[in-house]
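Take a look at the letters that make up each chain.
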Amino acid sequence: MSTSLLQQVLGEAIGDDESLFDEPEVNFGLLDEYSKREIRRAILTAVAVPGYQVPFGSREMPVARGWGSGGLQVSLAIVGPDDVVKVIDQGDDEGVNAVNLRRLIVSSTGIPESTTPEDSTLIQTRHRIPEDPLDERHVLVLQVPVPEPLRGVERDMRELARMHAEADYARMWVSLYEDKVRNGVITRTTGYPCLVDGRYVIATTPIPRWDVPRLHQSRFLSLFGAGREKRIYAVPPHTDVEPLTFEDVPFEVEVTPGATCRTCGSSESFLVEVPASRVDGGGHWVCSDSDWCRRRRERRDHPSNGGDS
Amino acid sequence: MDRNRRAELLARADADDVRQLAEAFLSHRQVATELDIIAPPEVGMVMMQVREPVCKERFHLGEVVVTRAEVAVGGARGWAMRAGTDRETTLAAALLDACAEHDSALGSQVDDLCVETKARLDRARHQEWTELRSTAVSFEELD
Amino acid sequence: MGYAAARGGLKAIEAAERLVARERILGESSWLESRQMIEKLRLAVDRVMGEGGLWDEDLAASALRQAEGDSIEAAHLLRSYRSTLPRLAYTTPIDVDDMDVLRRIVPAFRNPPGPQLLGRTTDYTGRLLQTADEDTLRTAAEKMAAFLDEQVTPEVEVGHVVSGAEPTDDERRPRRLLELLRDLDAVVDRRRTDDPEPFDITRHPARPPATRSARLATMARAETGALVNVWYRNILGPDGYLHEITLGEVRHGRLPVKVVHPITGDEISVTEVRVTEVEAIEDLDGIEEDRGRFDVGYGLCFGHNEKKAIAMANLDIACERDKGRSFLEQSILLTTDGLDASGFLEHLKLPHYVTFRSMMERKAAVRRHKETT
C-alpha cells in the first residue's frame, strides 16, 4: 500500500510525513521534558545546598554508565539554544570520549561548539578544569564516576547517609592522619576530599589537586553529575571549597620541578608526561589543556596577532 | 459488539487487515471529511504494575512498548492502543473504532474483522494447548 | 609526533562505526532477520527485554543484532531508547493469577493440584552438542516439524474449534502452591491490606533501606548473571545470608496487559507479555521467626528466564529475613544492574592519563619522603 489515504492522514496528523520513514524526531537535548524538569529540580536543590549529593532518577543515555552519562544528563537538562558548548576529556577537546559526547550534545540541540572557554558558556569535562579563568558566563559540568568521598572509610550506605547528615567526618580525618603517619605525605591523588561551604565533604571528581583551588570562591557554577550512582551535587559561585588537610600539613598540588611543556614552554599549567620511547628518544611534558596550549603557542609564534583572547 | 471487546480485538487484529479496512473506509467521502484527529498516533510505554501473591503488594515489572491514537468521525470518538511501534496501523484501528460508533453499516464490517480475529486467536490458543498438553507429566495414582 | 597521533578525533570514531555497520551486511551469510532471532534465539531476545526492562520483541531483536549479540549492550540500547519515550499509562494492577501457563513445574510435590507441565524445555535433555553438518541437522529438524504438525492439525478445523481438547482453567491457570500452603496453614501470612504505591526505579534511585517493591523491580530488570552470582555467593561464597529453599512454582506463561479504556472507563487487555514466575518456599528457623511455618519468596521477570526468576525469588525471601542486618539489600539494589556494572567496568578503557599523572606524582612524593628521613 504505497502512499495510501491512511498514510496521507497520518502524515497530516503528525505534521511531517517524512518523519514516518526517517529516524524518530529527537527532542531538543534528547531527554523528554519531564526528565529535564526532574534533573533541573535536582540541580536547583544541589545549588541551594552546596556539596549535598542530591539523588535523582538517572536516565539511560546513549553513552554507557561510567562514560559521562551523569554529566551528559546535567548538560542536556540545562542547555539552551543560546549556549555554546565545549567538551574536554583529560583537558583535551579531541579526546575520543570528548568527541563522542560533544557530537551527542551538538547533534541533539543544534547549538554551536567551541574549544575556547572565552567563546563557550557550557563546558562539560572529565578529569580537568580548563586552565583559562572561568567566570559568571560559564557553567562547568563535571563527569563524576564515584560521588561518595567517604566510601573508602565506610561501605554501608545507610551509615554514609548518617555521617553526611550529622557532618560526622571524624573517620575521614582519621584516615588522612593515618595516611600522613604511614607515608610521610598525604597520598590522596585526584578527587581530593574538600569541605564545601563549611558543611558537606565532597569528592572533587577525579580532577587533579592542581585544579582543586580553582573551585574555591570561583566565579563560575560547577555541577557534578554522577549518572551510574544517580547523584548530582554543586559548588555554586563564591562558595568556600577547602581541601581537607591539617594546619601543619599544607595542601600540595602536582608539581614536577623543572618540567615545562615541550610544545608551548609552559610551566604554569597542569602537565602530563609523555614517556620516553625508543622512537622518540627521551620523555617530555606537555600541557593537558590542549586548547590553552595551542593558543599560547600561537601567541608565541605570532605575537602580532595577540592570540585570540 | 461491545466497545471494550472491540478495542481488545482491534489491538490484536492482523495489521494488514486493519489498514486495508481503514483504507476502504477512508475512500468514503463522508468518513474522510468528517475525520478529526484528536491525538495523533504516539509511540510510548505502559508501565506494567503487577500484584504479587505473597504480600499482595504491587511492584513495577517493566514497561511495554505501545502505540496509541484517538480520532473522531462525525463526532464519534474512536480510540486504539496496540503493542509495538506501528503508528499507521494504530491510527487505522482508532479510525475503525470511530467508524463503528458512527455508522452501523461500517460497524458491522468492523465487527466482522473482530469476529475473525477472535476466531484466529482461539485457533492459535487451541493449537498451542494441543502441543503443550502432551508435555504434561501424567501420574498413576493408586486409589 | 606521538602525542598528536594519540588523538582520537571524529574521523577515527566514524570509521570504527562504519566497520561495525559493514559487518552486519558483509560475509557469506544473509541479513539476520529480527523474526529469526525472535523465533530461534528466543531466550536471548527474552533476556534482553528483561534486562532492558522493556517489552517489545522486535526492538529487542533489533538491539541484539546491532549489539552483535552482546546481551548487556543490547539491553543498553533498549534502555536508552526507552529514555526517549513518554509513559502513556500505567496498567491496572495485573493479577498474576491471570497467567496462562506455557510451562509449570512444582518441585515441592510429586502430584500437585494442576499439571506438571514441562512445556518447551531442554531441562531433561542430554547436553550433547549436535556435531553433524548443517544440512543433516536441518533435514532432521524439518522431519520433526512435519511429525508435530501431523499430530496437531487433524483436530483443528478452520474457523471452528474442536471442543474436546479445550483446556480446563485448572490446566491453563492452575492454582498456585502458595494457596495450598495457606489452606494447610503451613505458611506465615504476610498479606497486606494497605496497598502501598509501588516504588518507581526508573524515576528514583533505590537505596537501602528500600521498600520491597523497589527490590522486586530492581531484580526484575537485573542482569541475569549478576543475580545468579549474588545468590550463589551466598551459598558458597563468604557472605552466607541464605540457605537453599524448595521451589513451589516455576512458571512460564502469558500475562495480559490491561489498561483503562479512556472512553468507557473499563479495564481492557491490549496485549500479552510472556513472563517467568517463581515461588520459593523458605524453611524458617530463626529464633524470632515462626518456626512452625514456611515463608515464601517471589520472583517474576519478563520473558522466559528461569535462572533469573529463581534467583530473584530466593533473594526476595533472603532479604525479607535479613531485615537490614547485612549488606544483602545493598548488594541487590546497587550491584546487580548490568548497565551500571558493565558501563563502569568498560569506562576503564577511557583515557586516564590525568589521574595517572597525579598518582605518579604522589608515588614520587612518598619515595622522596622515604629518602629524606
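Chains are numbered independently. Their residues run from 1 in the order of the written sequence. Lettering for chains starts from A, numbering for ligands starts from 1, and both go in the order in which the items are written. Only residues with pLDDT of at least 70 get local features here, since the model is predicted, and only at 80 or more are side-chain atom pairs given and counted; chain-wide, interface and lining totals rely on the full set of residues. Calculation of side-chain values draws on the structure's entire complement of heavy atoms; hydrogens and water are dropped beforehand.

Chemist: Would you mind going over the overall build of chain C with me for this structure?
Modeler: The secondary structure listing takes helices from DSSP runs of H or I that are at least 4 residues long and strands from runs of E that are at least 2 residues long, numbered from the N terminus. Counting its regular elements, chain C contains 15 helices and 10 strands. Each principal axis of the C-alpha distribution contributes one length, and for chain C these read about 90 × 65 × 55 Å. Burial status across chain C gives 48% buried among its 373 residues. In what follows, a contact means two residues having at least one pair of non-hydrogen atoms within 4.5 Å. Relative to all contacts within chain C whose residues are 6 or more apart in sequence, the contacts with residues 24 or more apart total 65%. Note on areas: Shrake-Rupley with a 1.4 Å probe; residue coverage comes only from the protein chains shown. When the accessible surface of chain C is summed, it comes to about 18,900 Å², and 54% of that surface belongs to carbon and sulfur atoms. Asp and Glu are treated as the negative residues and Lys and Arg as the positive ones, with His and the ends of the chain left uncounted. The location of each charge is read from NZ of Lys, CZ of Arg, CG of Asp or CD of Glu. For chain C, the distance from the average site of its 52 positive side-chain charges to the average site of its 65 negative ones is 8 Å. The cut-offs for exposure are 20% and 50% of the maximum accessible area for each residue type, with area from a 1.4 Å probe on protein chains only; residues under the lower value are buried, those over the upper are exposed, and the others partly exposed.

Chemist: Teacher, can you tell me more about the sheet that holds strand 9 (residues 241–243) of chain A here?
Modeler: Strand-to-strand pairing in sheets goes through backbone hydrogen bonds, with the strands running parallel or antiparallel. Residues and elements named next belong to chain A. Paired strands are those between which DSSP finds at least two bridges. Spatial ordering of the open sheet is given by 6-5-9, a layout of three strands whose pairing is antiparallel. Two strands in the sheet have a free side with no partner beyond their single neighbour: strand 6 (200–203) and strand 9. Across the sheet, the mean angle from the axis of one strand to that of its neighbour is 35°, orientation sign disregarded. Alignment of strand 5 (residues 193–196) against strand 9, held across three bridges, turns out to be antiparallel. Across the sheet, the residue bridging to Cys194 is Pro243, located in strand 9. Interaxial angles span 0 to 180 degrees and are taken between N-to-C directions of axes, which are lines fitted to C-alpha atoms, for helices over the stretch in contact.

Chemist: Looking at this structure, how should I read the interface of chain C and chain B?
Modeler: Bring the parts together and some accessible area is lost; that lost area is often taken as the interface size. Between chain C and chain B, the contact holds 83 residues from the first and 56 residues from the second. By convention, the term buried area covers the 1.4 Å-probe accessible surface removed from two parts as they join, with the contributions of both added. Across the chain C/chain B interface, buried area totals approximately 6,700 Å², and carbon plus sulfur atoms make up 61% of it. Put simply, a salt bridge is a Lys or Arg side-chain nitrogen that is within 4 Å of an Asp or Glu carboxyl oxygen. For the pair chain C and chain B, the number of links is 12 salt bridges. The partner of C:Arg87 in a salt bridge is B:Glu63, and the shortest N-O contact between them spans 2.8 Å. Side-chain atoms alone can form a polar contact between residues adjacent in sequence; in general such a contact is a pair of N or O atoms within 3.5 Å, and within protein one must be able to donate a hydrogen while the other accepts it. Connecting chain C to chain B are 32 residue pairs in polar contact (both at pLDDT 80 or more). Sorting elements by how many residues they give to the side of chain C that touches chain B places strand 9 (residues 267–283) of chain C first, with eight residues. Sheet topology note: the strand 2 (residues 58–73) of chain B/strand 1 (residues 54–55) of chain C ladder contains two bridges and is parallel. The residue of strand 1 of chain C that forms the bridge with B:Glu63 is C:Leu54.

Chemist: Even after reading the chapter, I still don't get the pairing of strand 8 (residues 231–235) of chain A, so can you show me in this structure?
Modeler: Consecutive side chains of a regular strand alternate in pointing toward one face of the sheet and then the other. Residue and element names in this part refer to chain A. The buried fraction of strand 8 is high, at five of five residues. Because side chains alternate across strand 8, one face comprises the buried residues Arg231, Tyr233 and Val235, and the other comprises Ile232 and Ala234, equally buried. Looking at chain direction, strand 7 (residues 221–226) and strand 8 are connected through five bridges and run antiparallel. Within strand 8, the residue paired with Ala226 across the bridge is Arg231. Between the antiparallel neighbours strand 7 and strand 8 lie four residues, among them Lys230 with a positive phi of about 60°.

Chemist: How should I be thinking about the domain arrangement of chain C in this particular structure?
Modeler: Source of the domain bounds: an automatic or database domain assignment. According to the domain assignment, chain C consists of domain 1 (2–82), domain 2 (96–117 + 174–336) and domain 3 (128–166). Measuring from the centre of the C-alpha atoms in domain 2 of chain C to the corresponding centre in domain 3 of chain C gives 35 Å.

Chemist: How do you make sense of the environment of B:Glu101 when you look at a structure like this?
Modeler: Residues and elements named next belong to chain B. The topology assignment puts Glu101 in helix 4 (residues 87–102). On the basis of relative accessible area, Glu101 is assigned to the partly exposed category, the value being 39%. With 27 residues separating them in the primary sequence, Glu101 and Gly74 have C-alpha atoms 9.6 Å apart. Apart from the residues within four sequence positions on either side, Glu101 is in contact with Arg3, Arg6, Ala76 and Arg77.

Chemist: How do you make sense of the confidence of the model for chain C when you look at a structure like this?
Modeler: Residues shown with low pLDDT carry predicted positions that ought not to be read at fine detail. Residues and elements named next belong to chain C. For chain C, per-residue confidence averages 90 on the pLDDT scale, and residues scoring 70 or more make up 94% of the total. The predictor attaches a confidence to each residue, called pLDDT, with possible values from 0 through 100. The model gives residues 1–6 a pLDDT under 50, and that stretch makes eight contacts with residues more than four places away or in other chains. Scored below 50 in pLDDT, residues 154–163 shows 16 contacts in the model against residues more than four places distant or in partner chains. Interface scoring of the predicted complex returns ipTM 0.96; its pTM is 0.92.

Chemist: Sorry if this is basic, but what is going on with the sheet that holds strand 8 of chain A here?
Modeler: Residues and elements named next belong to chain A. The six strands lie next to each other as 1-8-7-4-3-2, forming an open sheet whose pairing is mixed. If you trace the sheet from one side to the other, it starts and ends with strand 1 (54–55) and strand 2 (85–89), each paired once. Sheet topology note: the strand 2/strand 3 (residues 122–126) ladder contains five bridges and is parallel. Among the inter-strand pairings, Val87 is bridged to a residue of strand 3, identified as Gln124. Sheet strands in contact with helix 2 (residues 33–48) are strand 1, strand 7 and strand 8, and its direction is about 40° off that of strand 8. Packed on one face of the sheet, helix 3 (residues 69–78) meets strand 3, strand 4 (139–143), strand 7 and strand 8 and runs near 155° to strand 4.

Chemist: How should I be thinking about the interface of chain A and chain C in this particular structure?
Modeler: Residue-level contacts link 65 residues of chain A with 52 residues of chain C. Applying the counting criterion to the chain A and chain C interface returns eight salt bridges. When the shortest N-O distance is used, the salt bridge between A:Arg209 and C:Glu361 registers 2.9 Å. If you look at where chain A meets chain C, you find 25 residue pairs in polar contact (both at pLDDT 80 or more). When contributions to the side of chain A that touches chain C are tallied by element, the ones reaching two or more residues are helix 2, helix 4 (96–109), helix 5 (157–165), strand 10 (271–274) and strand 11 (284–287) of chain A. Tallying contributions element by element places helix 4 of chain A first for the side of chain A that touches chain C, with five residues.

Chemist: Please explain unusual backbone geometry as it appears in this structure.
Modeler: What is expected of a backbone is that most residues other than glycine have negative phi and most peptide bonds are trans. Between C:Pro208 and C:Pro209 the backbone carries a cis peptide bond, its omega angle lying at -5°. On the secondary structure map, C:Pro209 appears in the loop between helix 9 (177–183) and helix 10 (212–220). Non-glycine residue A:Ala167 carries a positive phi angle of around 50°. Within the secondary structure, A:Ala167 is located in the loop between helix 5 and helix 6 (170–183).

Chemist: Before we go on, may I ask you to explain the packing of aromatic side chains in this structure?
Modeler: Aromatic ring pairs are reported here in terms of the distance separating the ring centres and the angle at which the planes meet. Only Phe, Tyr and Trp rings take part, Trp by its six-membered ring, and two of them pair if their centres are within 6.5 Å. Stacked means planes under 30 degrees apart, edge-to-face means over 60, and tilted covers everything else. Taken as a whole and assessed by the stated rule, the structure comprises eight aromatic pairs over all chains. Centre to centre, the rings of A:Tyr52 and A:Tyr200 are 5.5 Å apart; their planes meet at 50°, and the pair counts as tilted. Highlighted residues: A:Tyr52 in the loop between helix 2 and strand 1 and A:Tyr200 in strand 6, separated in sequence by 148 residues. For A:Tyr52, a relative accessible area of 32% corresponds to the partly exposed category. A relative accessible area of 12% places A:Tyr200 in the buried class. Note on A:Tyr192 and A:Phe251: the rings are 4.9 Å apart at their centroids and 70° apart in plane angle, and the pair reads as edge-to-face. Of this pair, A:Tyr192 sits in the loop between helix 6 and strand 5 while A:Phe251 sits in the loop between strand 9 and strand 10, and the two are 59 residues apart along the sequence. On the basis of relative accessible area, A:Tyr192 is assigned to the buried category, the value being 3%. The partly exposed category is assigned to A:Phe251, whose relative accessible area is 22%. Members of the aromatic cluster, connected to one another through ring pairs, are A:Trp173, A:Tyr177 and A:Phe246. Charges are assigned to positions over rings by a cutoff of 6 Å between ring centre and Lys NZ or Arg CZ, combined with an angular limit of 35 degrees from the ring normal. One residue, A:Arg199, lies across the ring of A:Tyr200, its end atom 4.2 Å from the ring centre. Here the guanidinium or amino end of A:Arg228 rests over the ring plane of C:Phe344, the centre of that ring lying 3.6 Å away.

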